[in-house]
Every structure is written in structure tokens, then in C-alpha cells.
Amino acid sequence: LTVAGFVLLIACANIANLLLARGAGRAAEMAVRLSVGANRRQLITQLLSESVLLALFGAVGGLVVARWTLDLIGSIVPPEGAALIAFQMDTMMIGFAAVAALGTGLAFGLFPALHSTRPDLVSTLKNQAGQPGGAKAAKRFRMTLATVQIAMSMALLVPAGLFAKSLFNVSRIELGLNTDHLVLFSIAPELNSYSTERTRELFERVEDEVSAVPGVTSVVAAIVPVLAGDNWNNNLVVEGFDAGPDTNTSGSFNGVGPGYFKTMGIPLMAGREFTRADAIGAPKVAIVNQAFTRKFNLPDNAVGKRFKQGGGPDTTLDIEIVGIAQDAKYSDVKRVVPAQFYTPYRQEETIGSAYFYVRTALPPEQLLSTLPAIMKTLDPNLPVANVKTMEMQVRENVTMDRLISTLSFGFAILATILAAIGLYGVLAYTVAQRTREFGLRMALGADGARVRGLVMGQVVRMAVIGGAVGMAVAIGVGRLAKSLLFEIDGTDPLVLTLATVALAVVALGAGFVPALRASKIDPMNALRYE
């Protein structure tokens, strides 16, 4: 909302400048109206009506753009998010646009209306209304608006750069697992009144049936989905670890099937994988990750060590560590890998649902339609959900980063373009108003470079002031948004430098054409210019 508000203000500043220029061109008309009896209130009402009408036309066009923007957001948000938010126009949205248009039309049309209806009647009717550059108040107002536009553009460019770099950092994270050629889907037999025993049997049948599909190299089930935001934690008592009263002894849990680490592409550093023999009634076993060994001060090869889940008076350490796995991301791409322990899902007392991960040698997209068909042969009444590739799952996990980065970057580019247009308009109007001045200077010996320097000097002053103010605002915004950034500070020097260079190039580019035009003024024509 803040970013969109900034863009709206920049657009309104452009319109206010255009209305001032238009008002200057209608100065004679306003003077005639006032001289023949029109009162100022009537003229202000007319000019504000025109301003509001412009705003309403703009709002109608804006609703069309909003439709495209909603489609863009809908394409970024994952299906579960799209199901919660209706990406469509409604009466409240249209009403908000109408109120915003009315408010901005009145607010930014007021000063031009007041200024345009307060001319010097005598000098205007004699066609002598021109001081070079226009009235001082209007000139200051135009320059101030252009400077504010530059400041707001800088305030948007820097956060956009921060979010873009943050997203780049996220894309380079080492996940610790291989997402290539990996497909997943989920089923929840408990919703169809399956018992735990029937659920175990069904899971084994699913593993067998999917493994027989041509191109499939391995299939495994897991109770907790990977990189889906789920966190299953339990307090642990670990052999040899002396836990104080305030010590964090939690570990992140997942119940998995045989061959899980091979299927997921997670290397085993020591020990063995689970087998189908690790079932209910067999000795309880677990595989832990490297973060687990570090947290509980276990040796690198902790195979044979024991622990138990939960507290309580029972001190029996009933779970034996049979393997050490390399660290891999658990619930969130951006979070530090927690201490994890994996147990065979076949040893769980109750099982209601599971996610299945399928490794294939073929393009993974080919399985997206095959898997639901296979499940229908096993149980046509059992819904299959979350059918997607693992790469899709990773993208969904960083949806908010992608959404913020895309929208902030788009708004920043739009704001910068609008600011460039506004700066160009102000300078072009100023050059037109100073035509006689520039012509006189050139008649007295000033060359084109000197005249261009006068215009570009004005650009530099506005860019420096606006850029400095915008940079201060941007740094504050960056600090506030620090929690949304990944491995980047809100005052990243590279981003600040690139934003400054980009804005400087845009500002100088916007001022170059008016400066060039000013340097090519014919002194004789300029001295006769009205």
C-alpha cells in the first residue's frame, strides 16, 4: 500500500505540474472571465471539475491495469494462496478507486486552480504576463514537486534493489537435497476412515505400484513434507548430553520410509538407511543430521548413541542412532537447518497421511498426470493432493520473496519513469518560459555549452536534493524491512550505489533534451518571442 501510494503521489505531482502549465496558457482567458464579471469561486469550481474529470478518466484506465496486475499476482501466488484470496474486481475495489480519484483530483488540482484564477488583470490583458520562468510561487511549486518525485523514486528504487538481491541470495541457497527429477504427491487415508494397519499396507502398495512405472527409479513416503512450512518438533533426552533447566533440547522430526535419503539426494555420512524390517515391534532406530550431532555434542560418528522423545520420569533411551545424514533444509528455504531426527514411519503407533516423493529419470512433468491415475487403481475414492515437482515446491516456499521483489521492482521502475516524465515536463516548460532570457544570453555572447550548463545545473541541484532525501527515506525503509531480507543488510552499499547511479542517469537523461533545445534557440527569434 505504501509503495502504491508513492507511485500515485508521483503521478499526481506530474498532473499538478501539467495543470499549472495549462493554467499559465489560459491566463488571458481567466483574466477576461474575471473582467467581465465571473467570480473567482466559479472559475475555481470549473478548474477543479476539470481536474477531477481527468482523475476519474485515469481511474477507469487504472482499473484495466489493475486487472492485469491481479492476474500477475495470481500467477505468482501458489494454488493454496489463490484459493484464499479472490483476485478479481469487486464493488469495494471500484469504490476505493473512485474515492481515491476524487480525492487526488481535488487535492492536486487545488493549487493550480487557485494560482490560475489570481492573475494580474491589467498586465495579462495587455499580453505582458511573462516574467521569465513564470510567477515565483508557481515556479517554486513546480520545482518542489519535481524534486519530491525524484526523492520518492529513490525511496522506491533502493528497497526494490534490496528485495531483488535478497531473492537472488535465496535462489543460491544450498538446500542439501537434489530437487531435479523429483515429484511429490500426498494422500490422507485417515479421512477415508482407514485404520493405521490399513494405512501402512496402502503405503507399501503405493511404493510398489509407483516404483513399477517406467522411468521411476525410487519412491519413498514421509510424514512431514519437506520445505512446505510444516514444523514437527519434540523435546529429546540424548545420551551423554547434560541439559540444564533452560536448555533447548528440541529436535525436528520426520517419519520416513526405506530409501528416503537416496530418493531425496541427501548423502549419508555414516551408518545405514532404513529398511522394511524397521517396522512396528522391531528395535526403535533413527537417523540424525549433522546439526543434531552438533547441538547435542555428539561425535561425528554418533552411530550407536541413544536418545528418547519427550520428558517424563522414564529415563529409558529407547531409540538407537543408526545413521548420520548430511544437513538438509527442513521446513523453510531461508531458515537455518535445525537439529533433525528421522524415524521409520512403519514404527509409528498411528499414521494418518503421508507425502510420497518419486525420483524419475524422465522429465518430471510426465508423472504429474500419471500418479493420480495410479492412485485411482488402488482406491478410486481416495483424493490425491499436492501433485507437483519438487522445484515447484521450492518456488512456492519463497513465494512471498518473489511477490515482494516482483511488485516492488515493477513499482520502482514505474515510479522512476513517471519521475523522469515529470522532470522532463518541468524543464521543458521552464525552457519555454525562459526563451527570451536564453536568447538574450546568446545574443550577448553565451555559447550553447553555457546555456546547456544552466539547464543541467538545475537538473543536478534537484537530483542531488531529491536523491539525498530519498536515500534517507530508503535507508529507513530498508531497516524496517530487514526481517523480510535474506543475507543482506538494509544499507547494502552495492544496492545504494546502483540506485544512485540509475536515478542520476534517468535525471540527466530527462534534462538533456530540454537543455539541448535551449542551446539551439535562435537569439533573433527569441528576442521577438512572446
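On a predicted model such as this, the values are computed, not experimentally measured, just so you know.

*Asks:* Give me the lowdown on the overall build of the protein, citing residues and values where you can.
*Replies:* Helix and strand counts for the protein come out as 17 helices and eleven strands. For 530 residues, the compact-globule estimate of 2.2 N^0.38 gives 24 Å, and the C-alpha radius of gyration of the protein, at 34 Å, exceeds that figure by more than 25%. If one aligns the C-alpha atoms of the protein with their principal axes, the spans along those axes are about 105 × 50 × 50 Å. For the protein, restricting intrachain contacts to residue pairs at least 6 apart in sequence, the fraction spanning at least 24 positions comes to 82%. Of the roughly 26100 Å² that the protein leaves accessible, carbon and sulfur atoms contribute 62%. Computed over 46 positive and 41 negative side-chain charges, the inter-centroid distance for the protein is 19 Å.

*Asks:* Lay out the environment of Val460 with the relevant residues and their values.
*Replies:* Secondary-structure assignment places Val460 in helix H15 (residues 448–480). Here Val460 falls in the partly exposed class, since its relative accessible area comes to 39%. It is 7.6 Å that separates the C-alpha atoms of Val460 and Leu508, two residues lying 48 residues apart in sequence.

*Asks:* I'd like a description of the pairing of strand S10 (residues 354–360), backed by residues and values.
*Replies:* When a strand is regular, its side chains alternate between the sheet's two faces. Among the seven residues of S10, seven are classified as buried, and the element is accordingly described as predominantly covered. By the alternation rule, side chains of S10 split into Ala354, Phe356, Val358 and Thr360 and Tyr355, Tyr357 and Arg359, which are all buried. Relative to S10, strand S1 (residues 182–187) is paired through six bridges, and the arrangement is antiparallel. Across the sheet, Leu182 pairs through a bridge with Arg359, a residue of S10.

*Asks:* Let's hear about the packing of aromatic side chains: which residues, and what values?
*Replies:* For the structure on display, the rule yields 13 aromatic pairs. Summarising the aromatic geometry, the rings of Tyr260 and Phe261 are spaced 5.3 Å apart at their centres and angled 90° between planes, so their arrangement reads as edge-to-face. Given a relative accessible area of 2%, Tyr260 falls into the buried group. Its relative accessible area of 1% is what places Phe261 among the buried residues. Measuring from ring centre to ring centre gives 4.8 Å for Phe292 and Phe296, while their planes differ by 45°; the resulting arrangement is tilted. For the pair Phe292 and Phe296, one class covers both residues: buried.

*Asks:* Outline the packing of helix H2 (residues 27–35) against helix H3 (residues 40–76), supporting the account with residue identities and numerical values.
*Replies:* Running from N to C, H2 and H3 point in directions that differ by 145°, and their axes come no closer than 10 Å. Handedness of the crossing formed by H2 with H3: right-handed. Contacts between H2 and H3 involve Glu29, Met30, Arg33 and Leu34 from the first element and Arg40, Leu43, Gln46 and Leu47 from the second. When its residues are assigned to classes, the contact of H2 with H3 shows four nonpolar, one polar and three charged.

*Asks:* Can you break down the packing of helix H1 (residues 2–25) against helix H7 (residues 136–171) residue by residue, with the values?
*Replies:* Contact geometry for H1 and H7: axes closest at 10 Å, N-to-C directions at 155°. Taken together, the axis directions place H1 and H7 in an arrangement best described as roughly antiparallel. Every pair of crossing elements has a handedness; the one defined by H1 and H7 is left-handed. Residues Val3, Phe6, Val7, Leu9, Ile10, Ala13, Asn14, Ala16, Asn17 and Leu20 of H1 lie in contact with H7, whose contacting residues are Ala138, Phe141, Arg142, Leu145, Ala146, Gln149, Met152, Ser153, Ala155 and Leu156. Classifying every residue of the contact of H1 with H7 by side-chain character gives 15 nonpolar, four polar and one charged.

*Asks:* Residues and numbers for the nonpolar core, please.
*Replies:* Grouped together as the largest cluster of nonpolar side chains are 43 residues, with contacts concentrated most on Phe185, Ile187, Val206, Val210, Phe292, Phe307 and Phe356. The element that contributes the greatest number of residues to this core is helix H11 (residues 367–378), accounting for five residues. Apart from residues lying up to four places away in sequence, Val210 is in contact with Phe185, Val216, Val219, Val358, Leu371 and Ile374. Leu157, Leu418, Val431 and Ala510 belong to the second largest nonpolar core, which has 42 residues in total.

Calculation rules
Residues numbered from 1 in each chain as written. Predicted model: local features only at pLDDT ≥ 70, side-chain atom pairs only at ≥ 80, totals over all residues. Heavy atoms only, no water. Helix = DSSP H or I, 4+ residues; strand = E, 2+ residues; numbered from the N terminus. Rg over C-alpha atoms; globule rule 2.2 N^0.38 Å. Contact = heavy atoms within 4.5 Å. Areas by Shrake-Rupley, 256 points an atom, 1.4 Å probe, with all protein chains shown as cover. Lys, Arg positive; Asp, Glu negative; His and termini not counted. Charge placed at Lys NZ, Arg CZ, Asp CG, Glu CD. Buried < 20%, exposed > 50% of the residue type's maximum accessible area, 1.4 Å probe, protein only. Pairing = 2+ DSSP bridges. Phe/Tyr/Trp six-rings, centres within 6.5 Å; stacked < 30°, edge-to-face > 60°. Axes fitted to C-alpha atoms, helices over the stretch in contact; angles between N-to-C directions. Left-handed = near helix turned anticlockwise from the far one by under 90°. Nonpolar A, V, L, I, M, F, W, Y, C, P; charged D, E, K, R; others polar. Parallel < 35°, antiparallel > 145°, perpendicular 65-115°, else oblique. Core = buried A, V, L, I, M, F, W, Y, C linked by side-chain atoms within 4.5 Å.

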